[in-house]
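The residues making up each chain are set out below.
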Amino acid sequence: MTLAARPEFSVTTVACSDDHTGWSEPEVRDDHRMVLVRRGRFRRWVDGTDTDLDSTVAYLGSPDEEERFAHPSGGDACTSVGFTPWLWGGLAGGTTVYVDARVDLAHRRLLVAAGGGDVDYALTEELLRLVAVAVGRAVERPGPADRALVAAAREAIIEGHPESAGLCPLAGLLKVSPYRLSRVFSREMGVSLTHYRNRVRVGRVMEQLEGGECGLAGLAADLGFADQAHLTRTVREQLGHTPTALRRLLAPSSRS
């Protein structure tokens, strides 16, 4: 569904209910775009390399690339933001974008603005904020072995595997040393495992706040924080906002 379309950009939402594990037929697009995952997971193949995509990793598409997609984990929902070359700017040269909590918030704010109908100012401003925070987080493809290790670590953390509660148990699950896991993850993702785990949890905080959750103490317990103060501190470290401020930023009437 198209949320906004202007000569300089477009914003569309894409939902896929496929659950096939095999690759789709090749597709070729003619635009520059950043595709962010709102829900679910899927895989993208391009230039002989496949990438696992989820709410923490977006992909950057360029004209004339031959893409294939697979959905081994079920359906997904994404936001595709298309750009003219001049707006593409600092994202050029990357293949994926690490979606930290600030990029995630900017994505959510873009969708809030899309519901308000003011495409030429409110939505455009939120789109520019999204691009601004995404610039510098674009990364090149890692080697196959390191890519597989990082993907396995991400999956364990996102799925809440019991061994993902600590770095050493996670390394044991993946059959590598804690040192190798920490080093490879930081190099390929651009953030530490600790930061990534907290980013995943803060994303779930935002989901719950968008859904109307008010009990922060219960939310902290459900998401594995030590207490409400720990949740609030982590949210502030990742986003620069308290949970209370986030409720206002994510409210449909928010236009600041």
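Position labels on residues start from 1 in each chain and follow its written sequence. For this predicted model, a pLDDT threshold of at least 70 governs which residues receive local features, and a threshold of 80 or more governs which side-chain atom pairs are given and counted, while totals over whole chains, interfaces and linings are taken from all residues. Values shown for side chains rest on all heavy atoms present in the structure; no hydrogens or waters enter the calculation.

A.B. asks: Got a sec to walk through the packing of helix 4 (residues 144–158) against helix 7 (residues 193–210)? Specific residues and values, please.
C.D. replies: Angles here are taken between N-to-C directions and fall from 0 to 180 degrees, while the axes themselves are lines fitted to C-alpha atoms, restricted in helices to the stretch in contact. Only DSSP runs of H or I with at least four residues qualify as helices, and only runs of E with at least two residues qualify as strands; both kinds are numbered from the N terminus onward. In contact at an axis separation of 10 Å, helix 4 and helix 7 are set at 40° when each is read in the N-to-C sense. The angle between helix 4 and helix 7 falls in the class oblique. The two elements helix 4 and helix 7 meet at a crossing, and its hand is right-handed. Contacts between helix 4 and helix 7 involve Arg 154, Ile 157 and Ile 158 from the first element and Leu 193, Tyr 196, Arg 197, Val 200 and Arg 204 from the second. Three categories are distinguished: nonpolar for Ala, Val, Leu, Ile, Met, Phe, Trp, Tyr, Cys and Pro, charged for Asp, Glu, Lys and Arg, and polar for the others, with Gly belonging to the last. Split by residue class, the contact of helix 4 with helix 7 holds five nonpolar, no polar and three charged. Our angle categories are set so that under 35 degrees counts as roughly parallel, over 145 as roughly antiparallel, 65 to 115 as roughly perpendicular, and the remainder as oblique. Each helix crossing is assigned a hand: it is left-handed if the near helix lies turned anticlockwise from the far helix by less than a right angle, otherwise right-handed if that turn is clockwise. Throughout, a residue-residue contact means that at least one pair of heavy atoms, one from each residue, lies within 4.5 Å.

A.B. asks: With reference to specific residues and values, describe unusual backbone geometry.
C.D. replies: Of note in this structure, Asp 64 is not a glycine but carries a positive phi near 75°. Within the secondary structure layout, Asp 64 lies in the loop between strand 7 (57–61) and strand 8 (66–70). When a residue's accessible area, from a 1.4 Å probe over protein chains only, is under 20% of the maximum for its type it is buried; when over 50% it is exposed; and in between it is partly exposed. On the accessibility criterion, Asp 64 (64% relative accessible area) is exposed. The phi dihedral of Lys 175 falls on the positive side, at around 60°, and the residue is not glycine. Looking at the secondary structure, you find Lys 175 in the loop between helix 5 (167–174) and helix 6 (178–189).

A.B. asks: Help me get a handle on the sheet that holds strand 2 (residues 9–16), residues and values and all.
C.D. replies: Pairing in this open sheet of seven strands is antiparallel, and the strands run 1-2-9-4-7-10-11 from one edge to the other. Strands with a single pairing partner mark the edges of an open sheet, and in this sheet they are strand 1 (2–6) and strand 11 (138–139). Here, strands pair whenever DSSP counts at least two bridges between them. Pairing analysis gives three bridges linking strand 7 to strand 10 (residues 96–98), with the strands arranged antiparallel. Counterpart to Val 57 in the pairing with strand 10 is Tyr 98.

A.B. asks: Which residues make up the packing of aromatic side chains, and what are the values?
C.D. replies: Between 30 and 60 degrees the pair is tilted, below 30 it is stacked and above 60 it is edge-to-face, where a pair is any two Phe, Tyr or Trp rings, Trp via its six-membered ring, whose centres lie within 6.5 Å. A full pass over the atoms with the stated rule returns five aromatic pairs. Between Phe 42 and Tyr 59, the aromatic rings sit 6.5 Å apart at their centres with planes inclined by 85°, giving edge-to-face as the arrangement. Of this pair, Phe 42 sits in strand 5 (residues 42–46) while Tyr 59 sits in strand 7, placing them 17 residues apart in sequence. When sorted by exposure, Phe 42 lands in the same class as Tyr 59, which is buried. Centroid distance Phe 42 to Phe 69: 6.1 Å. Interplanar angle 55°. Geometry classified as tilted. Highlighted residues: Phe 42 in strand 5 and Phe 69 in strand 8, separated in sequence by 27 residues.

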